[in-house]
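# Tertiary structure, described
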Amino acid sequence: MLKYAVMCPAEEDGAAAGNSIAAYCNQQMVDCIADITPDLQKAEYLADLLNRNQVSLLHFRDVVEDYIAEG
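The present account deals with the structure reproduced in this document. Fair warning: this is a prediction, and the values are worked out from it, not measured in the lab.

Next up on the list: the environment of Gln27. Tracing the chain through its elements places Gln27 in the loop between β4 (19-25) and β5 (28-37). Classification of Gln27 as exposed rests on a relative accessible area of 78%. When the C-alpha positions of Gln27 and Met1 are compared, they lie 8.7 Å apart, and in sequence the two are 26 residues distant.

See below:
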């Protein structure tokens with residue numbers, strides 16, 4: 001089963017990067033889009049939206065790109 005989850009940013013050189021969303025299949029990461037947004041609530045909402053709508057891995061990147069573009 002495919003599941004999307006937020007990955008919190010790691011600090012690099014004292015500055016935090018944006019939150020990422022990873023796609024997991026059978027508890028193994030199969031894809032990840034890094035540095036989507038610094039807003040954790042926005043990233044969590046997007047991951048929930050992906051899960052509720054059962055977005056296919058084939059459309060994962062397009063859906064995230066469209067969501068970010070709508071800003």
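We now examine the packing of aromatic side chains. The tally for this structure, following the rule as stated, stands at two aromatic pairs. Between Tyr4 and Phe60, the aromatic rings sit 4.9 Å apart at their centres with planes inclined by 35°, giving tilted as the arrangement. Taken as a pair, Tyr4 in strand β1 (residues 2-7) and Phe60 in helix α2 (residues 57-70) lie far apart in primary sequence, 56 residues in all. You can call Tyr4 buried: its relative accessible area is 3%. For Phe60, a relative accessible area of 0% gives the class buried. Taken together, a centroid distance of 6.3 Å and an interplanar angle of 35° make the contact between Tyr45 and Tyr67 tilted. Residue Tyr45 is located in helix α1 (residues 40-52), and its partner Tyr67 is located in helix α2; the two are separated by 22 residues in the primary sequence. On the basis of relative accessibility, which here comes to 43%, the residue Tyr45 falls in the partly exposed class.

This next bit is on the environment of Cys25. By secondary structure assignment, the location of Cys25 is in strand β4. Once the C-alpha coordinates of Cys25 and Leu46 are considered, the two residues, 21 residues apart in sequence, prove to be 18 Å apart. Apart from residues no more than four positions distant in its own chain, Cys25 is found in contact with Met1, Leu2 and Val30.

Right, let's talk about the pattern of salt bridges for a bit. What the rule picks out here adds up to two salt bridges. Arg61 is paired through a salt bridge with Asp31; the nearest N and O atoms lie 2.8 Å apart. On the criterion of sequence distance, the pair formed by Arg61 in helix α2 and Asp31 in strand β5 is long-range, its members being 30 residues apart. The exposure class assigned to Asp31 is buried, which follows from its relative accessible area of 18%. The salt bridge partner of Asp48 is Arg52, with a shortest N-O separation of 2.7 Å. Residue Asp48 and its partner Arg52 are located together in helix α1, separated by four residues, close to a single helical turn.

Rules and cut-offs
- Each chain carries its own residue numbering, running from 1 in the written order of its sequence.
- Note on the predicted model: pLDDT of at least 70 is required for a residue's local features to be given, and 80 or more for side-chain atom pairs to be given and counted; whole-chain, interface and lining totals, by contrast, use all residues.
- Each side-chain value is derived from all of the structure's non-hydrogen atoms; neither hydrogens nor water enter the calculation.
- Only runs of H or I of at least four residues qualify as helices and only runs of E of at least two qualify as strands under DSSP, and these elements are numbered from the N terminus.
- Each residue's exposure class comes from its accessible area (1.4 Å probe, protein chains only) as a fraction of the maximum for that residue type: buried when under 20%, exposed when over 50%, partly exposed otherwise.
- Paired rings are identified among Phe, Tyr and Trp, the last through its six-membered ring, by centres lying within 6.5 Å, and are further divided according to the angle between planes into stacked (under 30 degrees), edge-to-face (over 60) and tilted (the rest).
- Here, two residues are considered to be in contact whenever any of their heavy atoms come within 4.5 Å of each other.
- Any Lys or Arg side-chain nitrogen found within 4 Å of a carboxyl oxygen on Asp or Glu counts as a salt bridge.

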